[in-house]
Every structure is written in C-alpha cells, then in structure tokens.
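Descriptive analysis of the structure
Chain by chain, the residues:
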Amino acid sequence: KKTQILVEGLSEQGWDDCLAQVTVGSSLQALKLICSTHYLAASTSNGTVILWDTITFEESRTISHQEHIFAMCFTDSGELLATYGHETTKIWNVATGRQKYKVNNYPECRALSMKFVEDDMKLIVGLNTRKVAELALDGDIITWHAIESPFLQEENTIPGAFINSPTALAFNSDATYIVVAYRAFPLTLWNIYEKQRVKRCRRTAGNEHGNAMAWSGVMKVIWHPNDEDILGIYLDGVVFKWSPFEDSHQELQSESNTAPSEIQCSPSG
C-alpha cells in the first residue's frame, strides 16, 4: 500500500531559527542599518561603518567616516557606499574600503535621506532644512548643488498645523518623487522634477481624531518598492499605508501599550 507524506501547518508559532548574529562591540551602539546584495552595513556611535558578508555574516571590514553619520546608502549594484556626516559626504569603494570622493556639506544641514540615481552617477539627498541637493559624480568638480526653487518651502495655510523641520524624508526608486513627514504638519508628496506639490495625506474619517483632524503628524515614512504606496508611522503609533495616486488610505491599529519606532519593507514588497 502506497502512502503519501503530508505536511500541514507550522510547528513553530514564533520566529524560526536565527540565521546569524552580528555585533558592533560592547562599547559601541549601532545607529543605522542598510543592506545590499553582498553586504550588511551598520553605522556606529563613533563614526564608523561595519560591513558583514550577507552570505557568511563574517565581518568584512570597517570604514571610518570620523564624523557622526546622519544617512548612508548603497548603489543598486552595492559597489559604492555613501555616508553623510556632520561636515562631509564620503563615497567609498565597498570592495576595497577606500574613499573615492569627499565633498563638503552645506553648513548646518542634516541629511534625512539619500539615494543614488541615474545609473549611480548622481547622489541625491533630502535635508532637514526642507531642501533637496544633488551631487553629480561625472564632472571635473564634485560638489553639492541645491535645487533652487520654492520647492518644499510651502507656507503654513492649514489651521492647527505648524511648519517645522521634517521628521523624515523618502525618495521613490528613481527619485522623481519625495514624501516629507512632519510632527505638526500633514505628510506631503512632491514631484521633484516639476517642483510641485502632488498631494497631502488625509487620515480616514473613522480614525480617533474624527473629522476635526483630517491629518496627523508622521514620525517615519518609506516608499513601497512598487513606487505607488507610501508606508509610515503616525505620531500616535498607528502604522498606515497611503496610496496618493489612487487616493486611498489604510491604517493598522497598534496593540495596546505598544508603538512601533521603525518601519522597513522587503525588496519584494
């Protein structure tokens, strides 16, 4: 008599086996974490970036920016790593760990988001001063150039809102759009090339604020890889998905006495 093997359900209700654990050392704190195809990178509290191989999880090398790092990103290929510090932006060859470019930053500006675009020949950055700057890597002189425009510098015309420094910025995959989050102002989507505001995020009428508060401050925001949806966390801890081009909005209520502090999305979405 033939029998068949049948597996139903999952034997474990929680997380599966841990694949690896990495450490930055007992004297340091990991601040930001990014990943490429080949490397996992963590910026630390002493201005360094530690890289681990994503297959073996062995520590590959340490890159020293020698400044506090506000933002960092890989190219899509993972060959280059950009780090934005207090005074300088540095671009590194990941395979060798050698510095390829070093550029002075705008004074008193902090990067909230950065991304390589145009076949990795340009680096674009969103600043806490509500400005967007570009760094072209194919010229003789490598320097930051801000987009000179009233872009992002909108006036406060919303009752109860207050324009302040952004809490978060996020570019879509080709940096044609940027979404800007504030503590006391609606989440706003802008078209970078047309330098125009596209839409503001309005919360659903059924949320706890009711119709009197059609918007809420946002502390974290990212793009879904489909470039159509925006994910984030409101200041009250509610996770949301906003589809600005379809004008739809969904919320995921958090559990009692818990509030997420970070949000990320897998490459597949």
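In case you missed it, the structure is sitting above this.
Numbers given to residues run from 1 along each chain, matching the order in which its sequence is written. Under the rules for a predicted model, residues below a pLDDT of 70 receive no local features and side-chain atom pairs below 80 are neither given nor counted, while totals for whole chains, interfaces and linings still include all residues. Heavy atoms throughout the structure, all of them, feed into the side-chain values; hydrogens and water do not.

Regarding the overall build of the chain
Secondary structure follows DSSP: runs of H or I at least 4 residues long count as helices, runs of E at least 2 residues long count as strands, and numbering of each begins at the N terminus. The helix and strand tally for the chain stands at 0 helices and 20 strands. Its C-alpha atoms put the chain at 75 × 55 × 40 Å along the principal axes. The buried share of the chain, reckoned over its 269 residues, is 43%. In this description, contact between two residues means that some pair of their heavy atoms is separated by no more than 4.5 Å. Contacts in the chain between residues at least 24 apart in sequence constitute 39% of all its contacts with a sequence separation of at least 6. For the accessible areas, the method is Shrake-Rupley and the probe is 1.4 Å, while residue cover comes only from the protein chains on display. Looking at the chain as shown, the accessible area adds up to about 15,700 Å², and 47% of this sits on carbon and sulfur atoms. The convention is simple: Lys and Arg are positive, Asp and Glu are negative, and His and the chain ends are not counted. The atom standing in for a charge is NZ when the residue is Lys, CZ when it is Arg, CG when it is Asp and CD when it is Glu. When the 22 positive and 33 negative side-chain charges of the chain are each reduced to one mean point, those points stand 3 Å apart. The classification of residues rests on relative accessible area computed with a 1.4 Å probe and restricted to protein chains. Under 20% of the type maximum is buried, over 50% is exposed, and intermediate values are partly exposed.

Details of the packing of aromatic side chains
Note on ring pairs: Phe, Tyr and Trp rings are taken, using the six-membered ring of Trp, and paired if centres are within 6.5 Å. Classes follow the plane angle, with under 30 degrees stacked, over 60 edge-to-face and the rest tilted. Across all of its chains, the model carries 5 aromatic pairs by this definition. Centre to centre, the rings of Tyr177 and Phe245 are 5.3 Å apart; their planes meet at 70 degrees, and the pair counts as edge-to-face. Within this pair, whereas Tyr177 is found in strand β14 (residues 177-181), its partner Phe245 is found in the loop between β19 (239-243) and β20 (248-252), the two being separated by 68 residues in sequence. Relative accessible area serves as the criterion here: at 21%, Tyr177 is assigned to the partly exposed category.

A closer look at the side chain of Lys90
Relative to the helices and strands, Lys90 is located in strand β7 (residues 88-93). Side-chain polar atoms of Lys90 contact the backbone oxygen of His65, separated by 3.0 Å. Residue contacts for Lys90: discarding those within four places in its chain leaves His65, Leu81, Ala82, Thr83, Gln99, Tyr101 and Lys102. Each polar contact in these results corresponds to two N or O atoms within 3.5 Å; when the atoms are within protein, one needs to be able to donate a hydrogen and the other to accept it, and residues that are neighboring in sequence are counted only if both atoms are side-chain atoms.

Focus on the sheet that holds β19
Within a sheet, each strand pairs with its neighbour through backbone hydrogen bonds, oriented either parallel or antiparallel. Two strands pair under a simple rule: DSSP has to find at least two bridges between them. If you walk across this open sheet you meet the 4 strands as β17-β18-β19-β20, and the pairing is antiparallel. Only two strands of the sheet have a single partner each, and these edge strands are β17 (218-223) and β20. Averaged over neighbouring strand pairs, the angle between their axes works out to 20 degrees when direction is ignored. Inspection of the sheet shows strand β18 (residues 230-234) paired to β19 by 4 bridges, in the antiparallel sense. The residue of β19 that forms the bridge with Gly232 is Phe240. To obtain each axis, a line is fitted to C-alpha atoms, and for helices this fit is confined to the stretch in contact; angles are then taken between N-to-C directions over 0 to 180 degrees.

Re the sheet that holds β14
Strand order in the open sheet formed by 4 strands is β13-β14-β15-β16, with antiparallel pairing between adjacent strands. A single partner strand is all that each edge strand has here, and the edge strands are β13 (168-171) and β16 (196-200). On average, each strand axis in the sheet is tilted by 25 degrees relative to the strand beside it, whichever way the strands run. For strand β15 (residues 188-191) and β16, the ladder comprises 4 bridges, and the chain directions are antiparallel. Its bridge partner lying in β16, Trp190 is registered against Arg197.

Describing the environment of Trp223
With respect to the helices and strands, Trp223 occurs in strand β17. Residue Trp223 is classed as buried on the basis of its relative accessible area, which comes to 9%. Along the sequence, Trp223 and Cys265 sit 42 residues apart, while their C-alpha atoms lie 8.1 Å from each other.

Concerning the pairing of strand β2 (residues 39-44)
Counting buried residues in β2 gives 6 out of 6 residues, a clear majority hidden from the surface. Every second residue of β2 is oriented toward a common face, with Tyr39, Ala41 and Ser43 on one face and Leu40, Ala42 and Thr44 on the other, all of them buried. Note: strand β1 (residues 30-35) against β2, 5 bridges, orientation antiparallel. Paired with Leu33 across the bridge in β2 is Ala42. Counting the residues that bridge the hairpin from β1 to β2 gives 3 residues. By the bridge criterion, 5 bridges tie β2 to strand β3 (residues 48-53) in an arrangement that is antiparallel. Bridged to Ser43 within β3 is Val49. In this structure, the hairpin formed by β2 and β3 is closed by a connection of 3 residues, where Gly47 is found at a positive phi of approximately 80 degrees.

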